[in-house]
Amino acid sequence: MAATPGSGRPVDRRDPAWADHVTPEWRPTGRRRARQTAPDFPPAVTELCSWPAQTALLVADEPYPTAVDAVRRVGFTVVVVDPETPAEQLAGLDPFTYVLIGPEILRRDSCVELLEALRDTSPIARFLLLAGQDVDAPTLLAAIRAGVQEVLDPHDQITLLTTLRIQVDRAARTRERVLAVGAHPDDVEIGCAGALLEHRRQGDRVSVLTLSRGAVGGDAGDRVVEATTAAGLIGAQLLLGDLPDTKVSAGIDTISLIEAVIAALEPTTVYVHSPHDTHQDHRAVHAATMSAARAVPTMMAYQSPSANNRFLPTAFVPIDRVVRLKLRVLACHASQAGRSYLDADTVVSTARYWGRHVAPPARYAEPFEVLRAIDHIGGPPAPAADLAPSLGEEGPDRE
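Described below are features of the structure shown in this document. Since this is a predicted model, take the numbers as computed values, not measurements.

Before going further, it helps to spend a moment on the overall build of the chain. The helix and strand inventory of the chain stands at 11 helices and 15 strands. Looking at the chain as a whole, 49% of its 399 residues qualify as buried. Long-range contacts, defined here as pairs at least 24 residues apart, represent 78% of the contacts in the chain between residues at least 6 apart. Total accessible area computed for the chain in this model is approximately 18800 Å², and 53% of it derives from carbon and sulfur atoms.

Here it is in structure tokens:
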């Protein structure tokens, strides 16, 4: 498939060499694993929108069927990008993990600009050159200049599969799993859609848990549809509870529901309402989440329109690259269009105000109160079972 001019969205451009293949049941392993199968959620939670498929791009004139088959067999959807696509038309592409490059395109003057645009769109993408042992030195030099990180023989499927599986498994252990919790449809989008979109750009897996259907603020059916559309635009999984709007409790029922979702998703970062808020549901959700997420390493509180002047953020996420997309996400909530805080000028000016904390590198930002931040130098901690053999039965040395 090639990027449609003006949209960046794929259109069908396949020949038989790009036909679909069966994907075997292989899954990444490791402590911080990427969940590919549906987690087990409590009956009170409905999954309305799942995570989008993982994507790899093929930028080449040739179909490279063996390489495409290998990528699909490790669970990726392959999108073919026409090498002649203007760089400015790639902004609409969803985040992707791999860019498979045909050596024939490296001889073109437009190649570097195209690959730079792809890297800007998805910073975590790994660039792979599809070339055999007979590849010449000028092509390798051009590949290095273009930021290619590895050369793989496109006809050696065993090596392709082995390499891809190792890389996917390594990425699964380092990728963040993000959960954003809100009381009503549009709460999460208002408070941290920019941060969630940035997480997606970085390859993290994002889930949104909305605890009520927002029936007091509009038609519940409409609001659920709007929330589903917004989650799809973010690229997030949407989980919906059915707690009573304006009467959400901070008690054991709410705690248990959130706790069950956290047990299923094992998030490494949680975003939630600030306690400094005039809306009772927001405060209740904050309190319940603090109890339910007590083992989550990182917790951040976002700003709601009803936040009071005790909201004192100390962390700021630059959202310059995604602020326009955040406006599109908020526009999904059409039933709330009359709310002043959803006005595009208000959203942008608020982000500009908070952006002063991260200037000059960025102009727009979202603010957060840091509730908990556990940083493991050198990467995530090893499981206790992995430490035991090296420490011996007596455990670590003590003075």
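Right, picking up where we left off after that structure.
Let us look at the nonpolar core. Formed by 29 residues in total, the largest nonpolar core has its most connected members in V188, C192, L196, I234, Y271 and F368. Of all the elements in the fold, those that place two or more residues in this core are strand 9 (177-182), helix 5 (187-201), strand 10 (205-212), helix 6 (220-234), strand 13 (298-302) and helix 9 (323-331). Element by element, the count of residues in this core is highest for helix 5, at six residues.

In this section: the packing of helix 6 against helix 9. Packing of helix 6 against helix 9 leaves a shortest axis separation of 8 Å and a crossing angle of 160°. Taken together, helix 6 and helix 9 sit at an angle that is classed as roughly antiparallel. Considering only the axes of helix 6 and helix 9, their crossing is right-handed. Contacts from A230, L233 and I234 in helix 6 reach L325, R328 and V329 in helix 9. A per-class count over the contact of helix 6 with helix 9 returns five nonpolar, no polar and one charged.

Let's shift gears to the packing of aromatic side chains. All chains considered together, the criterion is met by five aromatic pairs. Note on Y271 and F368: the rings are 5.2 Å apart at their centroids and 55° apart in plane angle, and the pair reads as tilted. Of this pair, Y271 sits in strand 12 (residues 269-273) while F368 sits in strand 15 (residues 365-373); the two residues are 97 residues apart in sequence, bridging distant segments of the chain. Residues Y271 and F368 agree in their burial class; the two are buried. Members of the aromatic cluster, each reached through a chain of ring pairs, are F311, F316, Y353 and W354.

With that out of the way, let us pick up the pairing of strand 9. Burial analysis of strand 9 places six of its six residues in the buried class, the great majority of the element. Across the two faces of strand 9 the burial is the same, with R177, L179 and V181 and V178, A180 and G182 all buried. Between the parallel pair strand 9 and strand 10, the chain is carried across by helix 5, and the sense of this crossover is right-handed. Both strand 9 and strand 12 contribute to a ladder of three bridges, which runs parallel. Across the sheet, L179 pairs through a bridge with V270, a residue of strand 12.

Right, let's talk about helix 1 (residues 65-73) for a bit. Residues three or four positions apart in an α-helix share a direction because the helix packs 3.6 residues into each turn. Within helix 1 the residues assigned to the buried category are A67, V68, D69, A70, V71 and R72. Considering only its buried residues, helix 1 is in contact with strand 4 (55-59), strand 5 (77-81), strand 6 (98-101), strand 7 (126-130) and helix 4 (157-174). After helix 1 finishes, the residue G75 shows a positive phi value of roughly 100°.

A cis amide bond, omega 5°, links A359 with the succeeding residue P360. Positionally, P360 belongs in the loop between helix 10 (344-355) and strand 15. Phi angles above zero are rare outside glycine, and Y64 is one such case at about 45°. With respect to the helices and strands, Y64 occurs in the loop between strand 4 and helix 1. Here E266, not a glycine, exhibits a phi torsion of approximately 50°, which is positive.

Between helix 9 and helix 10, the least distance of the axes is 11 Å, while the angle of their chain directions is 140°. With respect to their mutual orientation, helix 9 and helix 10 come out oblique. The handedness of the crossing between helix 9 and helix 10 comes out as right-handed. Along its contact with helix 9, which presents K326, L327 and L330, the element helix 10 presents A344, V347 and V348. Across the contact of helix 9 with helix 10, the residue classes tally to five nonpolar, no polar and one charged.

The rules we used
- Residues numbered from 1 in each chain as written.
- Predicted model: local features only at pLDDT ≥ 70, side-chain atom pairs only at ≥ 80, totals over all residues.
- Heavy atoms only, no water.
- Helix = DSSP H or I, 4+ residues; strand = E, 2+ residues; numbered from the N terminus.
- Buried < 20%, exposed > 50% of the residue type's maximum accessible area, 1.4 Å probe, protein only.
- Contact = heavy atoms within 4.5 Å.
- Areas by Shrake-Rupley, 256 points an atom, 1.4 Å probe, with all protein chains shown as cover.
- Core = buried A, V, L, I, M, F, W, Y, C linked by side-chain atoms within 4.5 Å.
- Axes fitted to C-alpha atoms, helices over the stretch in contact; angles between N-to-C directions.
- Parallel < 35°, antiparallel > 145°, perpendicular 65-115°, else oblique.
- Left-handed = near helix turned anticlockwise from the far one by under 90°.
- Nonpolar A, V, L, I, M, F, W, Y, C, P; charged D, E, K, R; others polar.
- Phe/Tyr/Trp six-rings, centres within 6.5 Å; stacked < 30°, edge-to-face > 60°.
- Right-handed = clockwise from strand over helix to strand, strands pointing away.
- Pairing = 2+ DSSP bridges.

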